[in-house]
Structure formats: C-alpha cells, structure tokens
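# Summary of structural features
Chain by chain, the residues:
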Amino acid sequence: MYIDVPRRLVFFDKDDTVRPPCLVQYHPDTGTLSRPTFAQPDDSVWDIARDQRRIALSGVKWLVVRGASRSRLNLVHDGAPLHATQNLLSYWARFDPSARYALVSVANGKKRPVIIDLDSGEHSDPVERDVDARFGSIDPLQGRLWAPDERARNGVLTVDCASGEVGRVSVPLEAKVRSLRFSRDGQYLFVTGENNRLLCCDREGATVWTKDVSAYGHVGSGRILFNESGSHLCLPTSPTDSSTLAGNLIIATATGHTETTIMPKARLAADWFGDHVLSHRGEVVDFFTGAIVAKLDLASPC
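Scope of this entry: the structure provided in the associated data block. (Residues numbered from 1 in each chain as written. Predicted model: local features only at pLDDT ≥ 70, side-chain atom pairs only at ≥ 80, totals over all residues. Heavy atoms only, no water.)

## Some thoughts on the overall build of the protein
Operational definition: Only runs of H or I of at least four residues qualify as helices and only runs of E of at least two qualify as strands under DSSP, and these elements are numbered from the N terminus. With C-alpha atoms as the basis for the radius of gyration, the globule rule is written as 2.2 Å multiplied by the number of residues raised to the power 0.38. Exposure classes here rest on a 1.4 Å probe applied to the protein chains alone. A residue is buried below 20% of its type maximum, exposed above 50%, and partly exposed in between. In what follows, residue pairs with any heavy atoms lying within 4.5 Å of each other are defined as contacts. What sets the accessible areas is the Shrake-Rupley method with a 1.4 Å probe; for residues, cover comes only from the shown protein chains. Positive charges are assigned to Lys and Arg, negative charges to Asp and Glu, while His and the chain termini are left out of the count. By convention, charge coordinates are those of NZ in Lys, CZ in Arg, CG in Asp, or CD in Glu.
Looking only at helices and strands, the protein has 0 helices and 29 strands in total. The C-alpha atoms of the protein give 19 Å as radius of gyration, which agrees with the globular expectation for 302 residues (19 Å, within 12%). Along the first, second and third principal axes, the C-alpha atoms of the protein reach 50 × 45 × 35 Å. Taken across its 302 residues, the protein has 52% of its residues classed as buried. In the protein, of all internal contacts separated by at least 6 residues, the share reaching a separation of at least 24 is 38%. In the form shown here, the protein has an accessible surface area of approximately 13,300 Å², with 47% of it arising from carbon and sulfur atoms. When the 35 positive and 37 negative side-chain charges of the protein are each reduced to one mean point, those points stand 5 Å apart.

This is how it looks when you write it as structure tokens:
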C-alpha cells in the first residue's frame, strides 16, 4: 500500500492482505476505486514525486535474471515510460525534490542504495552508509531522507536523494532507532527505539516529550500513523510475556498522553484522512475507536 498525501489517494497492491487482482487507486474523499492506466496489474507504487508527474513502480514479484533474483523497477513521467531496469534487487525508491534523481535500495550484501539519474539512466556507486527508507521519513521541508542509523545508538541518518551525501542527527533516545516519522509540517520528529521508547523531538534533536511504552507491549518497526489534523498519532505495539495491553496506542502528539488503545483485526497502513485509517484488508477504520466503518471492494476496478 502507498499513500499519496498531496493528492489524497491510496494505492492498494497485490502485497496487501486483501490481495486485489490489480493495482487499485482509492480516493477516500469520494470513495472512488479505479485502476491506474500507467501501471501493470502486478505493480506496486513506491514513490510519487513532489510535482506529482513522476511515479516509481515495482513489480510485486521478484524476477529471476541469469539465475539471480531481481526486481522490475519502472519510473513513469506523466503516465509514459521514463526509465526501467531489471538489474537491481530493490525494496524501495525515493525521489529527490526535483524528481530528476531517485535513491533506490539495492540488496548488495549490505543496505547501501544507489542513485539513478533519470535524465541519463546512469546508476551511481552505492552511498557510503546502509540506509533503509522503509523505516524512515522524507523531510517535508528539505526533501532529504531521514532513516535510522543501524550502527550506533541515538542516531538518525539524513540522506540527499540526489547526491547521496549522508549526514547525521543525534536524538536522545538511549538506544538504536527503530523507525521515525516527521510531523506534517516538518517541525517535529517522532522516533521509536529498541528500548520501547517513543520520542518527540524538534529537527535538531531537542526533546519535546518522551515515554516508555513497555507496559503496553513491544514497539517493533510498524509505521507511526497520524489523524489528519495531526493532533494524535497511532503507534502499533505487539504483546509480550509481561503485557496483555498491546494494540494500537492513540497518543496526543502535543503531550505524549495515551488516550486509548484500539485493536482492529488487520494491520493498519494509511493515514491523513480525517479521523480514519486504512488497513491492509481494505477496511476503513475509525482512528479513535478501531471500529470498521466501511469495507472496500478492491476487486471491482480490475
């Protein structure tokens, strides 16, 4: 599943639990379901450029090319093919703000992505550090990828998706970072750690609030979700031997206060649509109660 916040669209693909027959575009404001004309049925959306003209797509299933596993990566511009490659085994791609370059993961024995120049089609050498965008967030202000530093505690890497330049921001977490996400205005960062702590800090790493969620369960690498106003976040936790309270914690973003816990049956995946979130089963879920308010027929557009 991929959420396109500026256009208020969601894309369901064959990797979602509901397994639609093709890539399906959902517009929450109108309830419209459609099949994108720019994609193949087994595509998934990896990223959409800021100007919304370029889209990075990948096949859900890996290919075998000369005896090795590879991904089918397609980049389209205004719905027309721009660049395609089957030379990489990739898990994600992120555009730089200009959309001329794409930072693309490569399973090269490490986690060091490469940069593709979409004008020339040339691929760079891998960047200097292991980076996994799936647990990071694009900075809404500067367009850099912020992602966990897998080498050291308290570390967040900042990666220029055009040049590959890597910087580092320190956050007072006292553990390695598991995942992170920016607030919508880019002024605050919400970070989870291996020590089951949730931290809210500013862009320089100064603490706004922090809390230990061990009493509720284990904080894995699940994505932090927001309601549209940004007043609350949803943090998924999993049960442990010492806790039976695990679920999706609804937390006030200003104070860190836990308002409630919701326990929908399916894993939640997409946000920013009023006080609703979406599950991988194609369910529209109430943000504050966990009640299923609608079920999408994702087979109909295919």
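Now that the structure has been shown, we can carry on.
## With respect to the sheet that holds strand β19 (residues 188-193)
Spelled out, the test is: Two strands are said to pair when DSSP picks up at least two bridges between them. To get an axis, fit a line to the C-alpha atoms, keeping to the stretch in contact for a helix; angles then go from 0 to 180 degrees between the N-to-C directions.
One open sheet accounts for 4 strands, arranged β18-β19-β20-β21; its pairing is antiparallel. The open sheet has two edge strands with one neighbour each: β18 (177-182) and β21 (207-212). When strand polarity is set aside, the average angle formed by the axes of neighbouring strands in this sheet is 15°. Examined bridge by bridge, β19 and strand β20 (residues 197-202) share 5 bridges and lie antiparallel to one another. Across the sheet, residue L189 finds its bridge partner in β20, namely C201.

## Details of the packing of aromatic side chains
What counts, and what does not: Between 30 and 60 degrees the pair is tilted, below 30 it is stacked and above 60 it is edge-to-face, where a pair is any two Phe, Tyr or Trp rings, Trp via its six-membered ring, whose centres lie within 6.5 Å.
In the structure shown here, the tally under the stated rule is 6 aromatic pairs. Following the ring pairs from residue to residue traces out a cluster consisting of F190, W209 and F226.

## Side note on unusual backbone geometry
With glycine set apart, most residues show a phi of negative sign, and most peptide bonds adopt trans. Positioned with a positive phi, D78 is a non-glycine residue whose angle comes to about 50°. Examined against the element boundaries, D78 turns out to sit in the loop between β9 (73-77) and β10 (80-85).

## Examining the pairing of strand β5 (residues 43-48)
Taking burial as the measure, the 6 residues of β5 include 6 buried ones, the bulk of the element. As paired elements, β5 and strand β6 (residues 54-59) share 5 bridges and run antiparallel to each other. Note that in β6 the partner of I48 across the bridge is I55. Linking β5 to β6, which pair antiparallel, is a turn of 5 residues; within it Q52 sits at a positive phi near 65°.

## Concerning the pattern of salt bridges
Side chains bearing opposite charge may pair, as long as their charged atoms lie close to each other. What counts is decided by this rule: A carboxyl oxygen of Asp or Glu within 4 Å of a side-chain nitrogen of Lys or Arg is what we treat as a salt bridge.
Taken as a whole, this structure holds 18 salt bridges when the rule is applied. One salt bridge in this structure joins D117 and R100, with 2.8 Å as the shortest N-O distance. Of this pair, D117 sits in strand β13 (residues 114-117) while R100 sits in the loop between β11 (93-95) and β12 (101-104), and the two are 17 residues apart along the sequence. Close ionic contact of D132 with R134 constitutes a salt bridge, the shortest N to O distance being 2.8 Å. With relative accessibility at 4%, the residue D132 sits in the buried group. Salt bridges sharing partners connect three or more residues here, namely R8, D29 and E228.

## Section: the sheet that holds β13
Reading across the sheet, the 3 strands line up as β11-β12-β13 and stay open at both edges, with antiparallel pairing between neighbours. Both outer strands of the open sheet, β11 and β13, are each paired with one neighbouring strand and no more. Pairs of neighbouring strands in the sheet enclose a mean axial angle of 25°, with direction left out of account. Two strands pair when backbone bridges link them, and β11 and β12 are joined in this way by 3 bridges, in the antiparallel orientation. What sits directly across from R94, in β12, is L103.

## Focus on the environment of D139
Considering the arrangement of structural elements, one finds D139 in the loop between β14 (137-138) and β15 (145-148). Residue classification places D139 among the buried positions, given a relative accessible area of 0%. Sequence separation between D139 and Q187 is 48 residues, and the spatial gap between their C-alpha atoms is 9.3 Å. Dropping the residues within four chain positions of it, D139 is found in contact with R50, R144, W146, F182 and R203.

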